[in-house]
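Below are the chains, spelled out letter by letter.
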Amino acid sequence: MKKWILRLLLIIVLCVCSVFIINYYVVNLSEKYIKNKTEQLDNAYTVIVLGARVYSNGNLSNYLKDRVENAYELYERKVKRFLLSGDHGTKRV
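Residues numbered from 1 in each chain as written. Predicted model: local features only at pLDDT ≥ 70, side-chain atom pairs only at ≥ 80, totals over all residues. Heavy atoms only, no water.

## Topic: the overall build of the protein
Rule in force here: Numbering of helices and strands starts at the N terminus; helices are DSSP runs of H or I of at least 4 residues and strands are runs of E of at least 2. Computation of the radius of gyration draws on C-alpha atoms alone. For the globule rule, the value is 2.2 Å times the number of residues to the power 0.38. Exposure classes here rest on a 1.4 Å probe applied to the protein chains alone. A residue is buried below 20% of its type maximum, exposed above 50%, and partly exposed in between.
On a plain count of helices and strands, the protein comes out with two helices and two strands. In the protein, the succession of α and β elements from N to C terminus is α-β-α-β. Here the C-alpha radius of gyration of the protein, 22 Å, is well above what a compact globule of 93 residues would show, namely 12 Å. Its C-alpha atoms give the protein principal-axis dimensions of roughly 65 × 45 × 20 Å. The buried share among the 93 residues of the protein stands at 9%.

Laid out in structure tokens, this is it:
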């Protein structure tokens, strides 16, 4: 019984350590690809803007508004066009 508990505890500790190790690896690997300022970006032909909620009155959600504003800033400086993604907003029955 005691060996069983120790094995289970060891497995849990290994799993938790694995999560932290993988997270550390991914963060460090992707760091060079994350840009925080427009000036850091290379010129591009097209930028993809991910969609988000548009309210029934036509207002953009905060997420979409921020994405569109940033896309427009890039359009003025670095890109030739941008592509918006999203769906047609079907109603749930």
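Okay, back to it.
## A few points about the pattern of salt bridges
For clarity, the cut-off: Any Lys or Arg side-chain nitrogen located within 4 Å of an Asp or Glu carboxyl oxygen qualifies as a salt bridge.
In total, this model carries one salt bridge according to the counting rule given. One salt bridge in this structure joins Arg77 and Glu73, with 3.8 Å as the shortest N-O distance. One end of the pair, Arg77, and the other, Glu73, are both in helix α2 (residues 62–77), four residues apart, so they sit about a helical turn from each other. Judged by its relative accessible area of 27%, Glu73 falls in the partly exposed class.

## Some points on the state of the cysteines
Stated precisely, the cut-off is as follows: Disulfides are defined in this document as cysteine sulfur pairs within 2.5 Å.
Inspection of the entire model under this criterion finds zero disulfides. For Cys15, which is in no disulfide, the shortest distance to another cysteine sulfur is to Cys17 and amounts to 9.5 Å.

## Some points on the layout of surface pockets
Definition in use: Cavity means a closed set of points on a 1 Å grid over the protein atoms alone, one where a 1.4 Å probe fits but cannot get out, pocket means an open set with protein on both sides within 12 Å along at least 5 of 7 lines, and lining means a residue has an atom within 4 Å of a point. Grid points are joined across faces, edges and corners, and a volume is the space filled by probe spheres set on the points. Three classes are used: nonpolar for Ala, Val, Leu, Ile, Met, Phe, Trp, Tyr, Cys and Pro, charged for Asp, Glu, Lys and Arg, and polar for all others, with Gly counted as polar.
There is about 180 Å³ of room inside the second largest pocket. Forming the walls of the second largest pocket are Thr38, Val47, Ile48, Val49, Leu50, Asp66, Arg67, Asn70, Ala71, Glu73 and Leu74. Elements that contribute at least two residues to the lining of the second largest pocket include exactly β1 (44–49) and α2. The element best represented in the lining of the second largest pocket is α2, accounting for six residues. Counted by class, the lining of the second largest pocket contains six nonpolar, two polar and three charged residues.

## Let's talk about α2
For clarity, the threshold we go by: In this analysis, the expected span of each helix is defined as 1.5 Å times one less than the number of residues it contains. Note: the arc covers the axis-to-C-beta directions of the helix. The criterion used for residue contact is that any of the two residues' heavy atoms lie within 4.5 Å.
The terminal C-alpha atoms of α2 lie 23 Å apart, and with 16 residues this matches the ideal 22 Å at 1.5 Å per residue to within 8%. For α2, the complete set of buried residues consists of Leu64, Ala71 and Leu74. The buried residues of α2 occupy an angular sector of 90° when projected down its axis, which confines them to one face. For α2, the exposed residues set more than 90 degrees away from the buried face come down to Asn62 and Glu76. On its buried side, α2 packs onto β1 and β2 (79–84).

Interpretation note: all reported values are geometric properties and have no functional meaning in isolation.
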